[in-house]
Amino acid sequence: MSILVNQQQFHLTNGRISYVFHVLKNGQLGHLYFGKALRPDRDYTHFEKDHNPTPASCHTYEDDPAFSLETIRQEYPVYGKGDFREPAILMSQEQKSVANFVYKSHDILEGKPALSGLPATYAASSEAETVLIVLEDVYSGVELHLSYTIFANEAVIARNARVVNKSTTALSVERMMSLSIDLPEAEMDLLHLSGTWSRERHVKTRALEQGIQSISSIRGASSHHHNPFLALKAKDATEHTGEVFGFQFVYSGNFLAQTEVDHYGVARVQLGIHPIGFEWNLAPGEAFQSPEAVMVYSGEGLNGMSQTFHQLYRNHLISEQWKTAERPVLINNWEATYFDFNEEKLIHFAKEAKDLGVELFVLDDGWFGKRNDDRTSLGDWFVDREKLPEGIASLASKVKQAGLKFGLWFEPEMISVDSDLYSEHPEWAVGVPEEHYTLGRNQRVLDYTNPIVVDTIFERMRAIIQATDLDYIKWDMNRNITEAYSAGLDHQGEFFHRYILGVYDLYERLTSEFPNVLFESCAGGGGRFDPALLYYAPQAWASDDTDAVERLKIQYGTSMAYPIYSIGSHVSAVPNHQTLRSTPLSLRADVAYFGTFGYELDPSRLSSEEQEIVKEQIRRYKSFRPLVRDGSFIRLQSPFEGNETAWMIVSSDQKEAIVGWYKASSTPNPRTNQVLKLKGLHHDSAYQVESSTYYGDELMQNGLPLPIEFNGANQAFAERGGDFQSKVFYLKALY
Ligand code: DGJ
């Protein structure tokens, strides 16, 4: 890996990818190339001309009509100097909003500097190299620091930007993208992950067209509705072949992820904090740091892109503490009891779960204040003695005596109007004082821009963590932000970002003081499943929808960008509480195996036969667990394209694999000799699959035989049939 500087060309390469940009003749930064690695020892300045189609309406120099910012590909474009596409930065100072950032200096560093107050990917000095480019606005002296990191082993560039007010007057920043890139070809499809509560991260694909297409959130959270991720794929790219560019924003608040195709078919991609609701004020000497954005290049289709994201997050985002640790099999009482429990019931529940092989008992919502429904007590993080007369520490110790770890649910960012905290501090709720406020799930949002609020919640959580010797926290967040206003702020345009900084501050303090507590993030299911939170909480509750058929889509979509061992996936009771669908216990586990596994049901309601099945499922998952954590996840068949879904995980030495195959509804008179073509195995290895042996090339080229399906005439020997079929195969290389 290296960052090569030649004249004023910067070439970041690691043998897999190259990212090349240079200083243009007007001093701004021009983009030259991002893609498969190019030879290092060459000047690529001619790429500027090769992709610069024709003189445009405005040009910078009288004697050079070809030099037009309207057509030149750029690194961090501004508005007002001849480029009529959307800029990366907009700022104003004393009525003036034109900027012209020109190259001033650069510095090359080993490793990757941390971003103060913001979660970001990290790397040791041998694992990455970073170039920091300093640009200066010729009109004001304001500086822009652009940071580019290339990793040694991943096909990834990480970027961020920082603006420093070196001028003598106040500056207002109205738009600041973390990443902007102009790709030369727009003949691509835009793929993104969208949905809503209970059907998060569905894969959506549409063609890029001239004009702007974007996904975004202005809800105060990254949202159920759009994930801060997009990919551009070549028209002929598939899951396994072809060029794909993946982009992701490492941030949990309002975001914009946008493509803009110009009149010559150049595609500008930008990711950053959404400009709506954002205006940051900088006094002379102050600086604003953008969050990080990462971009991936894959020449091996969507799977190649996903595996790179998985590797990046596993190696450089999830904390050292949790990247290799085994995630416990958990049971959560939410769907089993909702708010209706007492100590006796919970202890019984935990003991039964222990007998099944569960390792962690999680007590969900309802253990604090006087919370018997969702109208009350958020903020009062003190045990409810009506439900738990002997206290939370006593419950924790009994659960631990039963041989389980103990976890608790919190919703630290919220306050109920019916709470002691609200009676004492109504001004701590977000909103315009004395004005009408909007409720969401009957609750209000705490003002995390106020450090005293964060301190108070920290102290309350710390007391509970210490008293219970807590092993796990489910950090929930069940509503979006309205009436964004804090009396403590001079500039309300800073509210949303300062709110998220407050959230990160609390996460940082809790994870630093209690590194052994495993955090799972949650936001009404998967409403804030983003890379930034993975930095603190290595697993995330993917969705409140635990229906196995729906989960196929949610988990398939989520795997586009996130390692599957970050995806909280549980077996729940039937009929499913979200869809009312009844699926077999086998299907529910076969889907949930491909994530961090757990149960969300009352074990005492299982029949003795079901209990034996669950014991076997847990035993099986434990044997798969290292593969789920370390293996390469490969999508084989998409639930968005048909009735069947398939995926697999292969160990890095190709000696082991598990394959999941699913069929949602039955087919009349189906073929009975169906096979599934696998990927990623070693061609010459012989694999044991149940009682048969196949070579890797057979399994990949001819396929793995699936069980014989019932077709009306083969009743005596059919192995499957009806709706909701599934099978998980374990493959072990014999040599
Ligand atoms: C929403 C979460 O997604 C659920 O799993 C559960 O924790 C409830 N909140 C509790 O109120």
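Everything below is about the structure shown above.
Residues numbered from 1 in each chain as written. Predicted model: local features only at pLDDT ≥ 70, side-chain atom pairs only at ≥ 80, totals over all residues. Heavy atoms only, no water.

Asks: What is the right way to look at the environment of A429 in this model?
Replies: Relative to the helices and strands, A429 is located in the loop between helix 7 (420–424) and strand 25 (444–445). Separated by 301 residues in sequence, A429 and Y730 have C-alpha atoms that sit 52 Å apart. The residues touching A429, leaving out its near neighbours within four places in the chain, are I415, Y422, R444 and V445. (Helix = DSSP H or I, 4+ residues; strand = E, 2+ residues; numbered from the N terminus. Contact = heavy atoms within 4.5 Å.)

Asks: What am I meant to see in the site of the ligand here?
Replies: In the vicinity of the ligand lie 13 residues, with D364, D365, K474, D476 and D544 positioned nearest. The side chain of D364 places a nitrogen or oxygen atom 2.7 Å from an oxygen atom of the ligand. Here an oxygen atom of the ligand sits 2.4 Å away from a polar atom, N or O, in the side chain of D544. Relative to its unbound accessible area of 300 Å², the ligand is 97% covered by the protein chains. When its residues are assigned to classes, the shell around the ligand shows four nonpolar, three polar and six charged. (Near = heavy atom within 4 Å. Polar contact = N/O pair within 3.5 Å; in protein donor to acceptor, adjacent residues only side chain to side chain. Areas by Shrake-Rupley, 256 points an atom, 1.4 Å probe, with all protein chains shown as cover. Nonpolar A, V, L, I, M, F, W, Y, C, P; charged D, E, K, R; others polar.)

Asks: Which parts of the structure should I look at to understand the pairing of strand 11 (residues 188–196)?
Replies: On a regular strand, each side chain points to the face opposite its neighbour's, so the side chains alternate between the two faces of the sheet. In terms of burial, strand 11 is a largely internal element, eight of the nine residues being buried. As paired elements, strand 11 and strand 12 (residues 199–207) share seven bridges and run antiparallel to each other. In the strand pairing of strand 12, T196 is matched with R199. In this antiparallel pair of consecutive strands, strand 11 and strand 12, the connection spans two residues, and S198 shows a positive phi of 75°. (Buried < 20%, exposed > 50% of the residue type's maximum accessible area, 1.4 Å probe, protein only. Pairing = 2+ DSSP bridges.)

Asks: What am I meant to see in the packing of aromatic side chains here?
Replies: For any two aromatic rings, the description comes down to two numbers: the centre-to-centre distance and the angle of the planes. This structure, assessed with the given rule, holds 50 aromatic pairs. Aromatic side chains W381 and W409 sit 6.2 Å apart centroid to centroid with 55° between the ring planes, which places their arrangement in the tilted category. Placement of W381 in the loop between strand 22 (360–363) and helix 6 (392–401) and of W409 in strand 23 (residues 405–410) is noted, with a sequence separation of 28 residues between them. With relative accessibility at 0%, the residue W409 sits in the buried group. Taking the centre distance of 5.2 Å and the plane angle of 55° together, the rings of W381 and F410 count as tilted. With W381 in the loop between strand 22 and helix 6 and F410 in strand 23, the pair connects residues that are 29 residues apart, well separated along the chain. When sorted by exposure, W381 lands in the same class as F410, which is buried. Counting every residue linked through ring pairs, the aromatic cluster contains F10, Y19, F21, F34, Y103, Y148, F245 and Y297. Across the ring face of Y437, the terminal group of R444 is positioned such that the distance to the ring centre comes to 3.6 Å. Here R509 stacks its cationic end above the ring of F458, 4.5 Å away from the centre of that ring. (Phe/Tyr/Trp six-rings, centres within 6.5 Å; stacked < 30°, edge-to-face > 60°. Lys NZ or Arg CZ within 6 Å of the ring centre and 35° of its normal.)

Asks: Got a minute to help me understand the nonpolar core in this structure?
Replies: Ranked by size, the top nonpolar core spans 201 residues in total, and within it F247, L363 and W367 carry the most contacts. In this structure W367 touches F341, W381, F382, V383, D384, L388, I392, L408, W409, F410 and I464, once residues within four positions along its chain are discounted. Residues A646, V650, A657 and L704 belong to the second largest nonpolar core, which totals 21 residues. (Core = buried A, V, L, I, M, F, W, Y, C linked by side-chain atoms within 4.5 Å.)

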